[in-house]
Amino acid sequence: MKPALAPSPTTPRFRETPAIARRHRQEVIARRLLGTTLILSLVPLFAILIYLVWQAAPVLSWGFLVESPRDGMRSGGLWPALLGTLYLVGASLAAATPVGVLAAVYLNEYARPGRFSRLVSLAVINLAGVPSIVHALFGLGAFVAFAGFGRSILAASLTLAVMSLPVIIASTTEALKSVPQSFREASWNLGATRWQTTRHIVLPNALPGIFTGIILMVSRTAGETAPVLFTGAVFYKSIAGGDLFAYSLLDQCMALSVHLFTVSTQVPNVSDALPYAIAVVLVATVLGVNALSIALRVYLRSRKNW
Amino acid sequence: MKPLRRSIFDRLPEILIEGVIRLCGVSAILLVFGIFFFVFREAYGLLPGGDFRLGHFLFDTHWNPASQSGPAYGTLALLAGTASVTLLSMAIAIPFGLGSAIYLSEFCVPYRRETLKVVIEILAAIPSVVWGFIGLMVMNPLIIAVTGAPIGLNILNGGLLLALMSIPIIASLGEDALKAVPDSYREAGLALGASRWQLVYRVLLPAARPGLLAAVLLGLGRAVGETMAVLMATGHSVHVPTSVLDSVRTLTATIAAELGEASVGSHHYQLLFLVGIYLLAITSAFNLAADFLVRGRRRSSR
């Protein structure tokens with residue numbers, strides 16, 4: 001029996017009126033409903049990833065990564081595609097990073113807020129929203145036909161570079177903004193010019209953030225298909241497994257994403273596990289790079305001391 | 001006494017680097033115009049003379065540009081394909097995306113929120129060709145088994161895939177929009193005795209509405225422009241759909257499917273570039289509207 005005078009901590013001190021009870025019920029329902037939407041959005045992801053790996057398991061091995069395809073793409077590995085993706089990502093990174101970082105420097109350090117800088121940021125937003133297939137058309141018109149690169153790694157990676165430029169600009173701007181204004185003011189007060197301040201104070205402090213954005217861009221570029229499909233990718237390219245310097249910039253190449261597309265839609269009589277294995281390698285590449293970026297960001301945030 | 005101001009020669013490197021920086025700054029503008037210019041350049045051959053009629057292009061449902069006898073180039077059926085897949089995906093992605101955003105921003109403890117945001121980021125990072133592959137190999141037999149449709153590559157399949165692809169965009173941008181509502185609004189609401197849900201429903205949703213709408217519009221723009229997933233998962237029949245189990249072909253998928261077989265400079269080739277311009281106009285409209293909503297809001301609140 002409970003003592004009559006000291007109410008246990010769980011008994012409400014106020015009587016719940018019907019209105020409060022209703023409010024409480026609504027609250028619980030809303031919380032559960034919203035939580036359910038989140039869980040329902042995430043469950044398919046894990047179900048699908050597990051299913052992919054499960055289906056691909058018979059084929060996955062080290063040899064699968066470093067061998068060339070055999071037997072009309074029906075067996076063997078995917079080394080040429082893996083290498084092609086590496087080349088494409090590397091070349092587009094080399095093209096997009098300097099332009100993107102300097103564009104962000106312009107937006108954040110040089111441009112006065114006004115109509116023109118507004119126009120630039122509007123252009124960046126618009127560029128980010130251009131569909132990937134339109135980028136493919138642009139690459140075909142500008143780099144393959146107009147500039148005369150033909151269908152090549154050069155044309156494809158420039159197309160990818162244009163595509164990833166807004167991503168780099170956005171992440172770099174974010175990184176530059178996180179450098180406190182007082183750092184710049186201190187530098188100016190010592191007589192440094194705008195570029196000296198940027199070069200010696202702002203960029204070094206923003207470097208980790210810039211780096212994170214670049215890694216993120218790598219993961220996006222590696223998975224892109226449509227722009228590469230028409231500007232430089234080829235169905236099959238014979239390359240010795242494990243050869244690192246097999247492509248030149250004006251060659252066409254295979255790419256992991258395009259390889260997945262062709263094997264799963266255009267090659268008849270493929271064994272069941274093969275396209276799954278390609279998908280798993282592609283997803284693992286993209287997510288691995290992505291995880292690197294996230295880990296770096298978390299580490300840097302924990303280390304930041306201003 | 002030496003003048004304080006340095007001579008032009010000392011400052012030359014600085015002037016040069018500033019020039020380069022300014023050039024990179026305008027590169028985005030140049031590229032946007034460049035994209036319009038180069039895509040339009042390839043399509044331009046159609047317009048002067050010839051028997052190209054814009055009304056036919058926009059409002060006719062027959063698409064058969066490669067035909068020798070009488071090429072038909074009406075894009076309305078393709079637009080209907082894009083619209084149907086996009087609408088279905090948004091019908092799923094808006095409640096789930098915004099629901100996730102609200103849960104993340106208002107009902108979640110911080111450490112769990114960080115974990116969930118990372119998972120959402122991962123969901124956003126999966127390449128579209130992988131989604132297309134999933135539609136082809138996993139959803140296709142699943143839809144046939146569940147609905148009894150003769151073929152599982154249809155609006156339902158593409159819509160579900162696009163929904164899964166748009167949810168992370170809407171959720172993370174929506175969460176940003178909710179986070180941008182000043183904490184004083186929350187404190188005021190709680191001080192008046194509102195429950196969390198009342199706070200969300202009566203205070204935060206109205207306050208964050210432009211940002212949430214912008215998130216939805218950006219997700220929409222992404223869904224309209226999505227190529228590989230719909231190319232692989234919605235089938236290839238060009239017609240105005242009548243049910244969600246119909247196969248359709250979208251604007252993007254048409255370009256991707258036919259660009260490889262159209263010979264360079266042919267009418268067909270030019271038409272595909274014109275479809276590209278059309279697509280660019282649609283997605284630009286969504287993006288500009290989204291930007292206008294966010295900026296207009298920010299200016300008025302100052």
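Since we're looking at a predicted model, the values are computed, not measured. Every chain begins its residue count from 1, and numbering advances along the sequence as written. Chains carry letters from A onward and ligands carry numbers from 1 onward, assigned in written order. At least 70 in pLDDT is required for a residue's local features to be given in this predicted model, at least 80 for side-chain atom pairs to be given and counted, and no such filter applies to totals for whole chains, interfaces and linings, which use all residues.

**Here we look at the overall build of chain B**
Then comes step 1: Counting its regular elements, chain B contains 12 helices and two strands.
Then comes step 2: The order of α-helices and β-strands along chain B, N terminus first, is α-α-β-β-α-α-α-α-α-α-α-α-α-α.
Then comes step 3: Dimensions of chain B, computed from C-alpha atoms along their principal axes, come out at roughly 80 × 70 × 35 Å.
Then comes step 4: Buried residues are those with 20 or more other C-beta atoms within 10 Å of their own C-beta, exposed residues have 12 or fewer, and partly exposed residues lie in between; C-beta atoms are placed from the backbone. Burial analysis of chain B (302 residues in total) assigns 48% to the buried set. Helix numbering and strand numbering both begin at the N terminus, where a helix is a DSSP run of H or I of at least 4 residues and a strand a DSSP run of E of at least 2.

**Let's talk about the overall build of chain A**
Then comes step 1: Helices and strands together make up the secondary structure of chain A, namely 11 helices and two strands.
Then comes step 2: Listing the helices and strands of chain A from first to last along the sequence gives α-α-β-β-α-α-α-α-α-α-α-α-α.
Then comes step 3: For this measure, only C-alpha atoms enter the radius of gyration; the expected value for a globule follows 2.2 Å times N^0.38, where N is the number of residues. On C-alpha atoms alone, chain A measures out to a radius of gyration of 26 Å, which is more than a quarter above the 19 Å that the 2.2 N^0.38 rule sets for 306 residues.
Then comes step 4: Seen through its principal axes, chain A has C-alpha atoms that stretch 90 × 65 × 35 Å.
Then comes step 5: Every one of the 306 residues in chain A was classed for burial, and the buried ones make up 45%.

**Examining the packing of helix α7 (residues 181-189) of chain A against helix α8 (residues 194-223) of chain A**
Residues and elements named next belong to chain A.
Then comes step 1: Direction vectors running N to C along α7 and α8 enclose 160°, while the axes themselves pass 10 Å from each other. In terms of their interaxial angle, α7 and α8 are classed as roughly antiparallel. For the element pair α7 and α8, the recorded crossing hand is right-handed. Contacts from Phe183, Arg184, Ser187 and Trp188 in α7 reach Thr197, Ile201, Val202 and Asn205 in α8.
Then comes step 2: Its residues placed into classes, the contact of α7 with α8 shows four nonpolar, three polar and one charged. Each axis is a line fitted through C-alpha atoms, taken for helices only over the stretch in contact, and angles between the N-to-C directions span 0 to 180 degrees. Angles below 35 degrees are treated as roughly parallel, those above 145 as roughly antiparallel, those between 65 and 115 as roughly perpendicular, and all remaining angles as oblique. Crossing chirality is assigned from the near helix's rotation relative to the far helix, an anticlockwise turn below a right angle marking it left-handed and a clockwise turn marking it right-handed. By definition, residue pairs are in contact when their C-beta atoms, positioned from the backbone, come within 7 Å. When residues are sorted by character, Ala, Val, Leu, Ile, Met, Phe, Trp, Tyr, Cys and Pro go into the nonpolar class, Asp, Glu, Lys and Arg into the charged class, and all the rest, Gly among them, into the polar class.

**Side note on the packing of helix α1 (residues 18-56) of chain A against helix α3 (residues 76-107) of chain B**
Packed helix pairs are specified by the crossing angle of their axes together with the interaxial distance, meaning the distance between the axes.
Then comes step 1: One can describe the packing of α1(A) onto α3(B) by two numbers: an axis separation of 8 Å at closest approach and a directional angle of 120°. Of the two elements, α1(A) crosses α3(B), and the hand of that crossing is left-handed. The segment α1(A) lies against α3(B), with Arg31(A), Leu34(A), Gly35(A), Thr37(A), Leu38(A), Leu40(A) and Ser41(A) engaging Pro95(B), Phe96(B), Gly99(B), Ser100(B), Ile102(B), Tyr103(B), Leu104(B) and Phe107(B).
Then comes step 2: In the contact of α1(A) with α3(B), the residues fall into nine nonpolar, five polar and one charged.

**Structural notes on the interface of chain B and chain A**
Then comes step 1: Listed per partner, the contact involves 69 residues of chain B and 66 residues of chain A.
Then comes step 2: Top element by residues in the side of chain B that touches chain A is helix α1 (residues 8-43) of chain B. It accounts for 20 residues.
Then comes step 3: Residue classes in the side of chain B that touches chain A are distributed as 45 nonpolar, 16 polar and eight charged.

**Considerations on the environment of Val32(B)**
Then comes step 1: For Val32(B), the location among the structural elements is in helix α1.
Then comes step 2: Val32(B) has contacts with Ala123(A), Asn126(A) and Leu127(A), leaving out every residue within four places of it along the chain.

**Focus: α3(B)**
Then comes step 1: Look at α3(B): 44 Å from first C-alpha to last across 32 residues, which is about the 46 Å you get at 1.5 Å a residue.
Then comes step 2: In α3(B), a bend of some 30° at Ala93(B) exceeds every other bend along the element, and Pro95(B), a proline, comes one to four places later. In this scheme, a helix's expected span is set at 1.5 Å multiplied by one less than its residue total. At every residue, the bend is computed as the angle between two fitted axes, covering the seven residues ending there and the seven beginning there respectively.

**Focus on the confidence of the model for chain A**
Then comes step 1: For chain A, per-residue confidence averages 85 on the pLDDT scale, and 93% of positions sit at 70 or higher.
Then comes step 2: In the model of chain A, strand β2 (residues 75-76) of chain A stands out as the element of lowest mean pLDDT, 74, in contrast to α7(A), which has the highest, 93. The pLDDT value expresses, per residue, how confident the predictor is, ranging between 0 and 100.

**Looking at α8(A)**
Then comes step 1: Its 30 residues place the ends of α8(A) only 38 Å apart at the C-alpha level, less than the 44 Å of an ideal helix rising 1.5 Å per residue.
Then comes step 2: At Leu207(A), α8(A) shows its largest kink, close to 55°, and the proline Pro208(A) lies no more than four residues downstream.

**Some thoughts on the nonpolar core**
Then comes step 1: In terms of nonpolar packing, the biggest core is built from 185 residues, with Leu88(A), Leu165(A), Ala279(A) and Ile170(B) touching the most fellow members.
Then comes step 2: In terms of residues, this core owes the most to one element, helix α3 (residues 79-110) of chain A, which gives 18 residues.
Then comes step 3: For Leu165(A), the residues in contact, after removing those within four places along its chain, are Ala96(A), Val99(A), Gly100(A), Leu127(A), Ala28(B) and Leu31(B). Here, a nonpolar core denotes buried Ala, Val, Leu, Ile, Met, Phe, Trp, Tyr and Cys residues that are linked to one another through C-beta atoms within 7 Å.

**With respect to the confidence of the model for chain B**
Then comes step 1: On average, residues of chain B score 87 in pLDDT, and 94% of them are at 70 or above.
Then comes step 2: Model confidence for the complex: the whole-complex pTM is 0.88, and ipTM, which rates the interface, is 0.89.

**A short note on the environment of Ser238(A)**
Then comes step 1: Within the fold, Ser238(A) resides in the loop between α9 (226-231) and α10 (256-265).
Then comes step 2: C-alpha separation for the pair Ser238(A) and Ala47(A), spaced 191 residues apart in sequence, amounts to 36 Å.

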